[in-house]
Amino acid sequence: MNKVSQNHSTPLSAREGQGGGSSLKSTIAVSLTNYLDAGAIVAGASGLTLWQQYLGLSEVHLGWLNFISANCLGAAVGAIIGGFLADKYGRKFIFTYNLLVYMTGVLLIMLSVNFPMLLCGFLVTGISVGVGVPASWTYISESSENNNRGRNICISQMSWGVGPMVILLLGMLFAPGGYLFGWVESIAHAVGGADLSEQAVNAFSSRLVFLSLFVVAFIAWNLQRQLQESAEFTKGQESGEKKAGLMDNIKVLFSNSIAVKTVCFLAVIYLTWNLVASVMGFFQPHIYETAGGVSNEQANWMNFIQWAIIVGVTFCTSKLIDHTSHKAIYVFGLVAALSAWLVIVTIGVNGPAGLWAFAILWGVQGGASPQIFYALWGSELFPAKFRAGAQGLMFFIVRGLSALWGLVFTYIYGENGEGFTIAAYCMIALLLISLVVGVIGAPNTRGRSLDDITKERYGSVAP
């Protein structure tokens, strides 16, 4: 195995944060990527029934929207491209151009008048989301102080929660019967004419929700393109290291046994959890309406409260993660997740008690989920040379398989939720795998520098 020296002339303080305030500011700017990622998923989910009625879509159509969206395949394809682009051209390269693609995809959704156009918009938006995720997690870790890296990753996850909260609130205000629906009707008729159908007017509320994402994406793009390049990436360029191509980095990644084992470990804990979470992220309001028998407005309110719980628990996690056992927090999150699905197979979701117990427990798990540790460990356990690329590859595997699972789920679930209990047992099995593998393989990285972690895992020189 060929190795290159990891001796660096750049001081650690320059490589891993210029101070708490400096890393916090850049973390917030980059975390808007997570806001837009989760926001795109939930914006589609909250208006799913409205688009279904407007365009006459079947459950299979909805499955395809999930399949190619930011929730699954679109993000999967974007991640493997974006990860290796970030390693070749820099993290700032992604921040400079990627959100322009995101805004294009959102614009397509806003203007959709048929299923192919809506599908295309979901795909373009999803690809952009995937491109941005590996670069953002990598940049946050590389810019953080050793004792704040976990906190900063949690902040990015809080952004993942704030996005859905805002989107769901807007969805409820704009939805039929919402406080601002009269305003939506006025705009819809002004744009589409007085003879616009009721279904078309209702779907216009979803268009306005996506407009809010377009505005946030424009603000985020202006903030992110002003960021300085990651010192870890700059260091490699100053050392005269040749820029490797996509296939070169894949070859190096898979030629190192430690890196391969790390990919397998992280992919398993994230995949098994994400197969469950991806379904919930896209179909949850729809599930509440069909299996739980509540209205679209009630479903969105429940989802809003759940995301508020996720943000609150994530905030608590951010205060603990750099000073508490990672394994203990990991176990806590998955026990809450398993408890949520056990509610399905015991109490059920046909009544308010079961629905609310499920919503609250799933919210608690979201604040200490495997995604937090995937983002943290994924940016800690690989050398800088292919750090983003490795994350992109894993994200590709996870979201790609989640896309296939989303299609399978629609068949298991049925048109009216008749297969929900069977689906729940599948979810419990997946979460158990994530729990066991995570407990066995959890690394000891808390409070340590990225250089120290790399040297311990790969020796004094890295691949």
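As the structure is a computational prediction, the values presented were derived from the model and not from experiment.

**A closer look at the overall build of the chain**
Then step 1. Scanning the chain for helices and strands turns up 20 helices and two strands.
Then step 2. Taken over 463 residues, the chain has a buried fraction of 61%.
Then step 3. Pairs at least 24 apart in sequence give 83% of the contacts found in the chain among residues at least 6 apart.
Then step 4. Only carbon and sulfur atoms are counted for the fraction: they give 66% of the accessible area of the chain, which is about 16800 Å².

**What about helix α16 (residues 352-366)?**
Then step 1. Across its 15 residues, α16 extends 21 Å between first and last C-alpha, which sits within 8% of the 21 Å expected from 1.5 Å per residue.
Then step 2. Where α16 is concerned, the buried positions are Gly354, Leu355, Phe358, Ala359, Trp362, Gly363, Val364, Gln365 and Gly366.

**Examining the pattern of salt bridges**
Then step 1. For the structure shown, the criterion picks out six salt bridges.
Then step 2. Linking Asp87 and Arg91 is a salt bridge whose minimum nitrogen-to-oxygen distance equals 3.0 Å. The two residues Asp87 and Arg91 agree in class, both being buried.
Then step 3. The residue Glu142 makes a salt bridge to Arg91 at a minimum N-O spacing of 2.8 Å. On the criterion of sequence distance, the pair formed by Glu142 in helix α7 (residues 115-143) and Arg91 in helix α6 (residues 91-110) is long-range, its members being 51 residues apart. The same class applies to Glu142 and to Arg91, which are both buried.
Then step 4. One network of salt bridges, in which partners are shared, links Asp87, Arg91, Glu142 and Arg387.

**Focus on the nonpolar core**
Side chains of nonpolar character tend, in soluble globular proteins, to be buried together.
Then step 1. Core analysis: the biggest nonpolar cluster contains 132 residues, and Trp341 and Phe382 have the highest contact counts within it.
Then step 2. Top contributing element to this core by residue count: helix α13 (residues 257-290), with 14 residues.
Then step 3. Sequence-distant contacts of Trp341, defined by excluding residues within four places in its chain, comprise Val276, Met280, Phe358, Trp362, Phe420, Ala424, Met427, Ile428 and Leu431.

**Regarding helix α5 (residues 73-89)**
Then step 1. Spanning 17 residues, α5 covers 24 Å between terminal C-alpha atoms, matching the ideal 24 Å at 1.5 Å per step.
Then step 2. Inspection of α5 places Gly74, Ala75, Ala76, Gly78, Ala79, Ile80, Gly82, Gly83, Phe84, Ala86 and Asp87 among the buried residues, and these make up the whole buried set.
Then step 3. Gly90 lies just past α5 and shows a positive phi near 110°.

**Side note on a nonpolar patch on the surface**
Then step 1. A surface patch of nonpolar side chains, amounting to about 420 Å² of accessible area, comprises Leu211, Val215, Phe218, Ile219 and Leu223.
Then step 2. Looking at the secondary structure, you find Val215 in helix α10 (residues 198-224).
Then step 3. By relative accessible area, Val215 is classed as partly exposed at 44%.

Conventions used here
Residues numbered from 1 in each chain as written. Predicted model: local features only at pLDDT ≥ 70, side-chain atom pairs only at ≥ 80, totals over all residues. Heavy atoms only, no water. Helix = DSSP H or I, 4+ residues; strand = E, 2+ residues; numbered from the N terminus. Buried < 20%, exposed > 50% of the residue type's maximum accessible area, 1.4 Å probe, protein only. Contact = heavy atoms within 4.5 Å. Areas by Shrake-Rupley, 256 points an atom, 1.4 Å probe, with all protein chains shown as cover. Expected span 1.5 Å × (residues − 1). Salt bridge = Lys/Arg side-chain N within 4 Å of Asp/Glu carboxyl O. Core = buried A, V, L, I, M, F, W, Y, C linked by side-chain atoms within 4.5 Å. Patch = residues over 30% accessible without salt bridge, like charges linked within 9 Å, V, L, I, M, F, W, Y side chains within 5 Å.

Fair warning: the whole summary comes from geometry, so function is off the table for now.
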